[in-house]
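Structural overview
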Amino acid sequence: TTAEDDWRALSKFGVERNQEFDLDATFGAVEPGNTVYHHIELNSRANRAEVFEFNLLNSFMGYSDFRARFTPGTGDEWSVEPNEGSLNGKKGTDFVVKYRPNGPGVSSGYL
C-alpha cells in the first residue's frame, strides 16, 4: 500500500497519527498481556461476518498514537479497524472487530 492509501484508510475512521514512525518496528511483536480487560465472544456461520464495536478513550490528556493488532497465532478470520491511529481523550476512538470464519470450528485470539 502507498502512504496515500494508508491516509485514506485512517481518515474514514477519523483518526490520524500524531507522529510518523513504524509502530511495529518501535514496539516489537504483539504479545498477549497478563491482564484481560475485556472478553468478547462472536459466533457465526462459515463465510458470514459477526461484528463487535466498542469505543476506547485515551486515559491521558490529548492524543496518543496506537496500533491494534491480533497476536501471532490468531487466525485470519479475525480483523480490527482501525489498526492504527491516534486515541482521543474526549470522544474516544470507535473500533470494529470482525469475525468471519472460513469453516466450522472454534477460533480465539488476542487483540
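Our structure's up above, just so we're on the same page.
Now for a quick tour of the structure. (Residues numbered from 1 in each chain as written. Predicted model: local features only at pLDDT ≥ 70, side-chain atom pairs only at ≥ 80, totals over all residues. Heavy atoms only, no water.)

**Some points on the overall build of the protein chain**
Convention followed: Helix and strand assignments follow DSSP, with helices taken as H or I runs no shorter than four residues and strands as E runs no shorter than two, numbered in order from the N terminus. Using a 1.4 Å probe on the protein chains alone, a residue whose accessible area is under 20% of its type maximum counts as buried, one over 50% counts as exposed, and one in between counts as partly exposed. By definition, residues are in contact when any of their heavy atoms lie within 4.5 Å. Accessible surface area values rest on a Shrake-Rupley calculation with a 1.4 Å probe, where residue burial reflects the displayed protein chains alone.
Looking only at helices and strands, the protein chain has 2 helices and 5 strands in total. Tracing the protein chain from N to C terminus, the helices and strands come up as α-α-β-β-β-β-β. Every one of the 111 residues in the protein chain was classed for burial, and the buried ones make up 25%. Within the protein chain, contacts between residues separated by at least 24 positions form 66% of all contacts whose residues are at least 6 apart in sequence. Here the protein chain has roughly 8200 Å² of accessible surface; of this, 49% comes from carbon and sulfur atoms.

**Points about the packing of aromatic side chains**
Defined as follows: Only Phe, Tyr and Trp rings are paired, with Trp represented by its six-membered ring, and only when their centres lie within 6.5 Å; those with planes under 30 degrees apart are stacked, over 60 edge-to-face, the remainder tilted.
Counted under the stated rule, the structure contains 5 aromatic pairs. A centroid spacing of 6.0 Å and a plane angle of 45° characterise the contact between Phe70 and Trp78, whose relative ring orientation is tilted. Between the aromatic rings of Trp78 and Tyr99, the centroid separation amounts to 4.6 Å while the plane-to-plane angle is 35°, which identifies the pairing as tilted. Of this pair, Trp78 sits in strand β3 (residues 78-81) while Tyr99 is found in strand β5 (residues 93-99), placing the two residues 21 residues apart along the sequence. Here a set of aromatic residues connected by ring pairs shows up, and it is made of Phe52, Phe54, Phe66 and Phe95.

**Brief notes about the pairing of β3**
Formally: DSSP bridges decide pairing: two strands pair if at least two such bridges lie between them.
Side chains Trp78 and Val80 of β3 all project onto a buried face; the interleaved residues Ser79 and Glu81 project onto a face where none is buried. Where β3 lies against β5, 4 bridges are found, and the strand directions are antiparallel. If you follow Ser79 over to β5, its bridge partner there is Lys98.

**Some words on the pattern of salt bridges**
Under the convention used in this document: Salt bridge, as used here, is a side-chain nitrogen of Lys or Arg placed within 4 Å of a carboxyl oxygen of Asp or Glu.
Considering all chains together, one arrives at 1 salt bridge under this definition. Of the charged contacts, one joins Glu84 and Arg69 as a salt bridge, the two residues approaching to 3.5 Å between their closest N and O atoms. Of this pair, Glu84 sits in strand β4 (residues 84-88) while Arg69 sits in the loop between β2 (63-67) and β3; the two residues are 15 residues apart in sequence, bridging distant segments of the chain. By relative accessible area, Arg69 is classed as partly exposed at 23%.

**Considering the sheet that holds β3**
The condition that has to hold: Lines fitted to C-alpha atoms define the axes here, with helix axes fitted over just the stretch in contact, and angles between the N-to-C directions of these axes take values from 0 to 180 degrees.
One open sheet holds the 3 strands; their spatial order is β1-β5-β3, and the pairing between them is antiparallel. Each edge of the open sheet carries a strand with a single partner, namely β1 (50-56) and β3. Within the sheet, the average angular offset between the axes of one strand and its neighbour, ignoring direction, is 20°. Sheet topology note: the β1/β5 ladder contains 7 bridges and is antiparallel. Each residue of the ladder has a partner; that of Leu56, found in β5, is Thr93.

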